[in-house]
Amino acid sequence: MYICMGAGEKTLEGFFKLDSTHYLYFRGYVVWNQQLLFDNEFLPVVTEHFKSDRIDHYIKDYNGAFNLVIVSNNSIKIYNDRWGTFPIYYHYRDDIVAVSNDWKKLLPHLTNKKISTESAIEIHTFGYVMGKKTLVKGIYECQPHAISKFLFSDGTYSFHEKDYWVFHYPFTKIKHTSRLEQEFAELWRQQIRIYTDFLKTHNYNAYIHISGGLDSRLLLYSFDKAGIRSRTMTYGASLLSNEIKTALQVLPHVRN
């Protein structure tokens, strides 16, 4: 996916035409009405919500891993899932904005192509880059559970971002621990059934990232109990180092 608007240019790649002035890009899956809907399967739902101007209302109910981008003549609106599963990158100045899920497509728009030493240190130390910045100066990443909007007005672009999801669960009344456990177990069974039904229907294996913690072990147990063939995998710092090596192959390393 790629879009560039401004400076007399408007280029779109990978978008679906909604109407004469709006274009849509969707990648990933959403659990909707107890069904797991991938890519084009979810398009009728999001198209209906777009036509009724209700996407901002429903976005908090899009439970899944996805990117959703809507482009009009004077705006770009990006909806990221709660976890930021698939990165979307952007670069913008007063007169131009470029957005893509491949950061290398944004490089031609940079006047100075530099690696950020600060970001490289962060990814080595913490395993990720903090905030919106990336390894490349001038290229930023859209945040999880956020609606990001570029608006073109009076010859310049402005950028706005707001959260639509808060990871905070207030309790209006105290419930006994055993009751909370029962409610969680029932919710877990419902969600696992949605995924196992999908895998069985398509005769797919389950690929599970194993960290050694409770979450991944519980997933493995649940899929095994449902009779789903599972493949496990793990990953470490070597992949992070490879990410930096890839960036260094494209850009000069400039100490700042």
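Residues numbered from 1 in each chain as written. Predicted model: local features only at pLDDT ≥ 70, side-chain atom pairs only at ≥ 80, totals over all residues. Heavy atoms only, no water.

A. Local environment of the overall build of the protein. Secondary structure assignment for the protein yields 6 helices and 14 strands. Going through the 256 residues of the protein one by one, you find that 38% of them count as buried. Look at the contacts in the protein between residues 6 or more apart in sequence, and 56% of them connect residues 24 or more apart. Accessible surface, the protein: about 15300 Å² in total, of which carbon and sulfur atoms supply 53%. (Helix = DSSP H or I, 4+ residues; strand = E, 2+ residues; numbered from the N terminus. Buried < 20%, exposed > 50% of the residue type's maximum accessible area, 1.4 Å probe, protein only. Contact = heavy atoms within 4.5 Å. Areas by Shrake-Rupley, 256 points an atom, 1.4 Å probe, with all protein chains shown as cover.)

B. Geometry of unusual backbone geometry. For aspartate 39, which is not a glycine, the phi torsion comes out positive at approximately 45°. Residue placement: aspartate 39 occurs in the loop between β5 (35-38) and α1 (43-51). Notably, asparagine 203 is not glycine yet its phi reads approximately 55°, a positive angle. Its relative accessible area of 56% is what places asparagine 203 among the exposed residues.

C. Fine view of the packing of aromatic side chains. On inspection of all chains with the given rule, the structure shows 21 aromatic pairs. Here tyrosine 90 and phenylalanine 159 contribute two aromatic rings whose centre-to-centre distance is 5.1 Å and whose plane-to-plane angle is 25°, an arrangement assigned as stacked. Residue tyrosine 90 is located in strand β8 (residues 89-92), and its partner phenylalanine 159 is located in strand β12 (residues 156-163); the two are separated by 69 residues in the primary sequence. Grouping residues by exposure puts tyrosine 90 and phenylalanine 159 together as buried. Among the aromatic residues, those joined into a ring-pair cluster are Phe26, Trp32, Phe42, Tyr58, Tyr62 and Phe66. Positioned over the ring face of tryptophan 165 is arginine 82, at 3.7 Å from the centre of the ring. (Phe/Tyr/Trp six-rings, centres within 6.5 Å; stacked < 30°, edge-to-face > 60°. Lys NZ or Arg CZ within 6 Å of the ring centre and 35° of its normal.)

D. Summary view of the pairing of strand β4 (residues 23-32). Burial of β4 is extensive: 7 of the 10 residues sit out of reach of the surface. Bridge count for strand β3 (residues 16-17) against β4 is 2 bridges, and the pairing is antiparallel. Counterpart to lysine 17 in the pairing with β4 is tyrosine 23. Count of turn residues in the β3/β4 antiparallel hairpin: 5 residues. Note that β4 and strand β6 (residues 63-71) share 9 bridges and pair antiparallel. Bridging from a neighbouring strand, phenylalanine 26 pairs with leucine 68 of β6. Bridge analysis of β4 against β5 gives 4 bridges, and the strand direction is antiparallel. The partner of tryptophan 32 across the bridge, within β5, is glutamine 35. Taken together, β4 and the strand that follows it, β5, pair antiparallel across an intervening segment of 2 residues, in which asparagine 33 is found at a positive phi of about 50°. (Pairing = 2+ DSSP bridges.)

E. Region of interest: the sheet that holds strand β9 (residues 96-100). Sheet architecture is open: 5 strands sit in the order β2-β1-β9-β8-β10, paired in antiparallel fashion. Taken across any chain shown, the strands that pair with only one partner, and hence form the sheet edges, are β2 (9-13) and β10 (140-141). For β8 and β10, the ladder comprises 2 bridges, and the chain directions are antiparallel. Bridge pairing in β10 places tyrosine 90 opposite tyrosine 140.

F. Structural detail: the pattern of salt bridges. For the structure shown, the criterion picks out 9 salt bridges. A salt bridge links glutamate 13 to lysine 105; the shortest N-O distance between them is 3.5 Å. Residue glutamate 13 is found in strand β2, and its partner lysine 105 is found in the loop between β9 and α3 (117-126); the two are separated by 92 residues along the sequence. Arginine 93 is the salt-bridge partner of aspartate 95, the closest N and O atoms lying 3.8 Å from each other. Exposure remark for aspartate 95: the relative accessible area of 34% places this residue in the partly exposed category. (Salt bridge = Lys/Arg side-chain N within 4 Å of Asp/Glu carboxyl O.)

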